[in-house]
Number of protein chains: 2
Amino acid sequence: MTRINFSPSGKELYPIFHTNNDLERMHKVCSKTLTAAGLKQSDICAVTFGYHLFIAGLFYQGQLEAFGAKVIPLGPGESERAWKVINDYGVSVLISNPSFAVKLASKGLPTIRVLFVGGEPFSSVEGYAEKVREAFGRDITIIDSYSMALCMPVARSCQYESGLHIVDDFVYAEVVDPVTGLPVKPGEKGELVLTHLYKEAAPLLRYRTGDLTVIENKACSCGRSMTLPKGIIGRTDEMVKVKGVKFWPSQIGTILQGFSFATGNYRVVFKTKRGVDFVELFIEGSEYSSEDVEKLEHVLRRDTLVKFNEIIIVEKLEPGPRVVDERNTMPS
Amino acid sequence: MTRINFSPSGKELYPIFHTNNDLERMHKVCSKTLTAAGLKQSDICAVTFGYHLFIAGLFYQGQLEAFGAKVIPLGPGESERAWKVINDYGVSVLISNPSFAVKLASKGLPTIRVLFVGGEPFSSVEGYAEKVREAFGRDITIIDSYSMALCMPVARSCQYESGLHIVDDFVYAEVVDPVTGLPVKPGEKGELVLTHLYKEAAPLLRYRTGDLTVIENKACSCGRSMTLPKGIIGRTDEMVKVKGVKFWPSQIGTILQGFSFATGNYRVVFKTKRGVDFVELFIEGSEYSSEDVEKLEHVLRRDTLVKFNEIIIVEKLEPGPRVVDERNTMPS
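Every chain is numbered independently, its residues counted from 1 as its sequence is written. Numbering of ligands from 1 and lettering of chains from A proceed in the order in which they are written. Totals for whole chains, interfaces and linings use every residue, but because this is a predicted model, local features are given only for residues with pLDDT of at least 70 and side-chain atom pairs only at 80 or more, for both listing and counting. With hydrogens and water stripped out, all remaining heavy atoms of the structure feed into the side-chain values.

**Student:** For this particular structure, what's the right way to read the sheet that holds strand β15 (residues 232-235) of chain B?
**Tutor:** The pairing of strands in a sheet happens through backbone hydrogen bonds and is either parallel or antiparallel. Residues and elements named next belong to chain B. Here a strand pair is declared whenever DSSP counts at least two bridges between the two strands. Secondary structure elements are taken from DSSP: a helix is a run of H or I of four residues or more, a strand is a run of E of two residues or more, and numbering for both begins at the N terminus. Strand order across the open sheet formed by four strands is β10-β11-β12-β15, with antiparallel pairing between neighbours. Among the strands making up the open sheet, the edge pair consists of β10 (171-176) and β15. Going across the sheet, the axis of each strand differs from the next one's by a mean of 45°, ignoring polarity. Bridge analysis of β10 against strand β11 (residues 190-196) gives six bridges, and the strand direction is antiparallel. Bridging across to β11, E174 finds its partner in V193. Every axis in this analysis is a line fitted to C-alpha atoms, fitted for helices over the stretch in contact. Angles between the N-to-C directions lie between 0 and 180 degrees.

**Student:** Just to check I follow, could you spell out a nonpolar patch on the surface for this structure?
**Tutor:** All names here are of chain A. A cluster of nonpolar side chains, contributed by Y172, L197 and Y198, occupies part of the molecular surface with about 330 Å² of accessible area. By secondary structure assignment, the location of Y198 is in the loop between β11 (190-196) and β12 (207-213). Throughout, exposure labels follow a simple rule: accessible area from a 1.4 Å probe, protein chains only, divided by the maximum for the residue type, with under 20% read as buried, over 50% as exposed, and the rest as partly exposed. Given the relative accessible area of 47%, Y198 is considered partly exposed. To count toward a patch, a residue needs a relative accessible area over 30% and no salt bridge; like charges are then connected within 9 Å, while nonpolar side chains (Val, Leu, Ile, Met, Phe, Trp, Tyr) are connected within 5 Å. The Shrake-Rupley method, run with a 1.4 Å probe sphere, supplies the accessible areas, and residue values consider only the shown protein chains as cover. Salt bridges are defined by distance alone: a side-chain nitrogen of Lys or Arg within 4 Å of a carboxyl oxygen of Asp or Glu.

**Student:** Just checking my understanding: could you explain the pattern of salt bridges for this structure?
**Tutor:** Working definition: two side chains of opposite charge can pair if their charged atoms are close together. Tallying each qualifying case throughout the model produces 47 salt bridges over all chains. Close ionic contact of B:R327 with B:D277 constitutes a salt bridge, the shortest N to O distance being 3.1 Å. One end of the pair, B:R327, is in the segment after β21 (323-325); the other, B:D277, is in strand β19 (residues 276-285), and 50 residues separate them in sequence. For B:R327, a relative accessible area of 15% corresponds to the buried category. One salt-bridge network, in which partners are shared between bridges, spans A:K32, A:D168, A:D169 and A:R224.

**Student:** How do you make sense of the domain arrangement of chain A when you look at a structure like this?
**Tutor:** Residue and element names in this part refer to chain A. Domains assigned within chain A are domain 1 (3-235) and domain 2 (240-325). Residue ranges for the domains trace back to a domain assignment, done automatically or taken from a database. For domain 1 versus domain 2, the separation of C-alpha centres amounts to 29 Å. The partner domain 2 presents twelve residues to the twelve residues of domain 1 that form the contact. When the buried surface of domain 1 facing domain 2 is broken down by residue, V125, E126 and K189 rank first, second and third, together holding 43% of it. At the surface where domain 1 touches domain 2, the tally comes to three salt bridges. One salt bridge connects D303 with K230, and the closest N-O pair in it is separated by 3.6 Å. The element best represented in the side of domain 1 that touches domain 2 is strand β15 (residues 232-235), accounting for three residues. Only Asp, Glu, Lys and Arg are considered charged in this grouping, and only Ala, Val, Leu, Ile, Met, Phe, Trp, Tyr, Cys and Pro are considered nonpolar; every other residue, Gly among them, is considered polar. Looking at the side of domain 1 that touches domain 2, its residues break down into five nonpolar, two polar and five charged. We call two residues in contact when some of their heavy atoms are within 4.5 Å. Accessible-area loss on putting two parts together, using a 1.4 Å probe and summing over both, is the definition of buried area adopted here.

So this is what it looks like as structure tokens:
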């Protein structure tokens, strides 16, 4: 074991271990994803993730150096200085939170060709990619990735932007029913379960991530086929059965990020009306059009498979739980 | 070229380049110095230097990983959290600014066996090593190092604590007269001049560092012999000839760091009295004893070879230049 990173776990820090072999293999499998992202050794890359304690900064620095690109370890914050360095050195590849990237791009980043995003939901947020591309004011390749501190990398998209490909020469991914633990059918929502193929320090064996996703097996021009088309769409540990459908309330939060009128606060209330489930959704937001509401209804229905009986938009939501289950359930 | 770090140069950032070969060689030569410092692969190391933009954090992370020790990239600041991680994980090697190390040690760091210091003058400051050792409350090995962003590593002490050994399988060091550029005799003060032996990206060729030092050639049990016994003792670019002696005012600042009564502010005034040089030194400070002043006089005389005619300690020094030359020099 040689590198010890940490993952924040509440107020505590959870240790993440790597041997030198682990780091080497991690860099090697990432190299393929960098090629698939369209990177060249001549690229000048800047990483705005943190390098202190946590894993993302050193993870990118190491893989990009092993790939042979040129890498500037910017670190987070100090957007003025970051912006100046990126422009002074003609940085062509930016690795950043998407929200920070948009902030930097608002002042002009004419040399960026590829943007790696991470650290925030991205592919799962409707319309986010278009918004980011607009902020850059030109055609850029956006590479989304999904990793956990415990397992870097898990999945990364490629220049063909066909979803996040599982890095399947590093990790074996399954999607299971969160209740039974049995594999779901391809295309069905479930919990992502990960097994390390070669890791020496603290390997994961059928680790239940608690992350809700869909997996599909579909060949891509980049060579990979196991793909999470929308990345992570919610958490499984709060699954509710409603109207006979498995429903994960946190999906609502992910969906709302695609709607600028919504603050992100919501409350979903399950009731029984005339013996059947009745779902009310309260959303905090303002300055919305009727098209906004129609679009939201459509996306909620499409992505959750639940028909919401009432959607009520309020300017300010009373404090309280996000999920209220008032159903009269029969004792079984 | 693969890694681009920066060095602050006024308000600007000066770029520092490394190829992958450069990084590999840097790690290899540093490995020998880690062995000489008494490190083992079983050591758990924590680095409190910054990893963002600047060079020190990644420099230590890379060399310690290549050596095979366990490394926690703590980063600077957040002393509470740093202290907790160091104690929770039984860190045995701390890499830090000496002042930050003392701050951490004041709350107890019972597991530290070796302390690497850097980023501040250390070996050149009289009594600093003793003060640090006292703060740790037990016998620790203190390893001082001297590097510049442009050239990492230059010199590092070993567990025998006989001065800072030039890393002579990486860099060729000379000490020259700052005026003539000719080599000085061994043991004489002068300007450190560096030449990279193998560097691929931006190598230095007889680079004049502007740093004032003394070099000696003296075999040490660790195997090295070219040594900077006190590290860097001042800057050469402000040399003044006084009483026939080459004098570097910045040495005063270095010396004052060893005296807790002094704030570090000083003003040195050169005059002509009865045709000869007369030197007045004003020092800002308070709560000093007559022994303090005697000791200061002694150290100033010993280390600068200049006899100060008057040393005046004032509570508050008027703003103004550090060096005032009021001598009536004859036109030549």
